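Summary of structural features
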Amino acid sequence: MSDRITYEERKELPLSDYGLPERKEYPMPDAAHVRAAEAYFRYCPEDLKPKLARAILARAREFGVDVESPTVLSYAAE
């Protein structure tokens, strides 16, 4: 599966697939997108980083992805 989601696919995603559902940002419908969310974590607004970090870890567990970013891990612990 590609790490690209079309506009139509994105419209169909449930809010629970987003790292930041209130903003419909950081979609994570599969393992590739969990890795992408980890890679783009630095672009997340500072005040939302703890929430996104916890969402990345939760989705990573679902898909068996190892989160390696010390930054994501440290924000998830907040």
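See the structure printed just above.
A brief report on the enclosed structure follows.

Definitions and limits used
Residues numbered from 1 in each chain as written. Predicted model: local features only at pLDDT ≥ 70, side-chain atom pairs only at ≥ 80, totals over all residues. Heavy atoms only, no water. Helix = DSSP H or I, 4+ residues; strand = E, 2+ residues; numbered from the N terminus. Rg over C-alpha atoms; globule rule 2.2 N^0.38 Å. Buried < 20%, exposed > 50% of the residue type's maximum accessible area, 1.4 Å probe, protein only. Contact = heavy atoms within 4.5 Å. Areas by Shrake-Rupley, 256 points an atom, 1.4 Å probe, with all protein chains shown as cover. Lys, Arg positive; Asp, Glu negative; His and termini not counted. Charge placed at Lys NZ, Arg CZ, Asp CG, Glu CD. Polar contact = N/O pair within 3.5 Å; in protein donor to acceptor, adjacent residues only side chain to side chain.

Brief notes about the overall build of the protein
Secondary structure assignment for the protein yields four helices and two strands. The order of α-helices and β-strands along the protein, N terminus first, is α-β-β-α-α-α. Taken against the 2.2 N^0.38 rule, which gives 12 Å for 78 residues, the C-alpha radius of gyration of the protein at 12 Å falls within 12% of a compact globule. Based on the C-alpha atoms only, the size of the protein along its principal axes is roughly 35 × 25 × 20 Å. When burial is assessed residue by residue, the protein has 42% of its 78 residues classed as buried. Intrachain contacts of the protein at a sequence separation of at least 6 include 47% that bridge at least 24 residues. Counting every atom, the protein has about 4,900 Å² of accessible surface; 52% of that belongs to carbon and sulfur. Across the protein, the centroid of the 12 positively charged side chains sits 3 Å from that of the 15 negatively charged ones.

With respect to the environment of Glu 46
Within the fold, Glu 46 resides in the loop between helix 2 (31-39) and helix 3 (49-63). A sequence separation of 28 residues divides Glu 46 from Ser 74, and the C-alpha atoms of the two residues are 13 Å apart. A polar atom in the side chain of Glu 46 sits 2.3 Å from the side chain of Tyr 75.

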